[in-house]
Structures are given as structure tokens and as C-alpha cells.
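Residue strings, one per chain:
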Amino acid sequence: MTTGPGTPEPVGPALDDTIHHPTRLAVAAFLSACDEAEFAAVRDCCQVSDSVLSKTASALEAAGYVDIRKGYVGKRPRTWLSLTPEGHDALTRHLAALQNIATAAQDAGARVRTGRDGPPSGSVPH
């Protein structure tokens, strides 16, 4: 993210580019609530196809955020996903950054609404 002259530097945690994608965020959030989940459960909860979840899980694994374990239940192959400690930390930081963005925008909107910052740029006084 670049900032121009007069633009304040971001304060607090930054958005995580790996987790920021909505499907990756949904998978990380789902996995944060359990020790491990079967591939099909994650797929169904996140409402994505097998191929989308496979690609998403691989991207999160490459970042060190997800562990992928393969095994068998009887003779049937299964895949389990779990969020790593690094994944938990990244998700926590990302959610904090989103909250900071929302809070800052709400605060700015409230200042404009109450007139503490003057009229919004381009507005015409009544």
C-alpha cells in the first residue's frame, strides 16, 4: 500500500494478502474453530468446489498457515486440514486490521456527520 503526501501512515496491523481473499479468509476462519477438519466438511461449509478448496488449501499451506494431512478411513482416501499456529496469528492480525479499518471509517463518518471536520469534500452548503 502506498501513501501520498499528507496521507497518514497506517497504524496497527496490516491486512494479510494471503488471507485477504474471501475464500482463504473463510477457510482460515472455519479452521480456527477446530483442531482439524475433513476436506469435505470445509468444502461444504465454505460452499466451494473441490478444485477451489484444493487450490485455496495449497496456497494457505505454501504460506505456512495450513497443514494438510492425507490418510485413509478404511480403504477410502481422506484429506484433513488444520490451521497452524502461524495461521492463527495471521488470521488474528488480519481480523484486527479489518476492525481498525472499519472503526477508523466509522469515526471519520461520525466526525463529518457532527460537523467536527467540516463539510465533506465537494459538498455544497445548504
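The preceding data block contains the structure.
This is a predicted model, so every value here is computed, not measured. (Residues numbered from 1 in each chain as written. Predicted model: local features only at pLDDT ≥ 70, side-chain atom pairs only at ≥ 80, totals over all residues. Heavy atoms only, no water.)

Caption draft 1: Main features of helix H4 (residues 50-62). The end-to-end C-alpha separation of H4 is 18 Å, in line with the 18 Å expected for 13 residues at 1.5 Å each. At its buried positions, H4 is contacted by helix H1 (17-20), helix H2 (22-32), helix H3 (39-46), strand S2 (66-73) and strand S3 (76-83). (Helix = DSSP H or I, 4+ residues; strand = E, 2+ residues; numbered from the N terminus. Expected span 1.5 Å × (residues − 1). Contact = heavy atoms within 4.5 Å.)

Caption draft 2: Main features of the pairing of S2. As judged from the eight bridges shared by S2 and S3, these two strands associate in the antiparallel manner. Looking at S3, one finds that Lys-70 is bridged to Thr-79. If you look at the hairpin formed by S2 and S3, you'll find two residues sitting between the two strands, and Gly-74 has a positive phi there, around 65 degrees. (Pairing = 2+ DSSP bridges.)

Caption draft 3: Structural context of the sheet that holds strand S1 (residues 37-38). Taken together, the three strands give an open sheet; going across it, the order is S1-S3-S2, and neighbouring strands pair in antiparallel fashion. Sheet topology places S1 and S2 at the edges, where each strand pairs with a single neighbour. Here H2 sits on the sheet in contact with S1, S2 and S3, set at roughly 90 degrees to S3. (Axes fitted to C-alpha atoms, helices over the stretch in contact; angles between N-to-C directions.)

Caption draft 4: Representation of the nonpolar core within the structure. Among the nonpolar cores identified, the biggest contains 18 residues, and Val-27, Leu-31, Val-42, Leu-53 and Leu-81 are the most heavily contacted of them. Looking at this core, the elements with two or more residues in it are H2, H3, H4, S3 and helix H5 (85-113). (Core = buried A, V, L, I, M, F, W, Y, C linked by side-chain atoms within 4.5 Å. Buried < 20%, exposed > 50% of the residue type's maximum accessible area, 1.4 Å probe, protein only.)

Caption draft 5: The arrangement of the packing of H3 against H4 in detail. One way to put it is that H3 packs onto H4 with a least axis distance of 10 Å and a crossing angle of 110 degrees. In terms of orientation, H3 and H4 fall into the roughly perpendicular class. Contacts from Phe-39, Val-42 and Arg-43 in H3 reach Asp-50, Leu-53 and Ser-54 in H4. Considering only residue class, the contact of H3 with H4 consists of three nonpolar, one polar and two charged. (Parallel < 35°, antiparallel > 145°, perpendicular 65-115°, else oblique. Nonpolar A, V, L, I, M, F, W, Y, C, P; charged D, E, K, R; others polar.)

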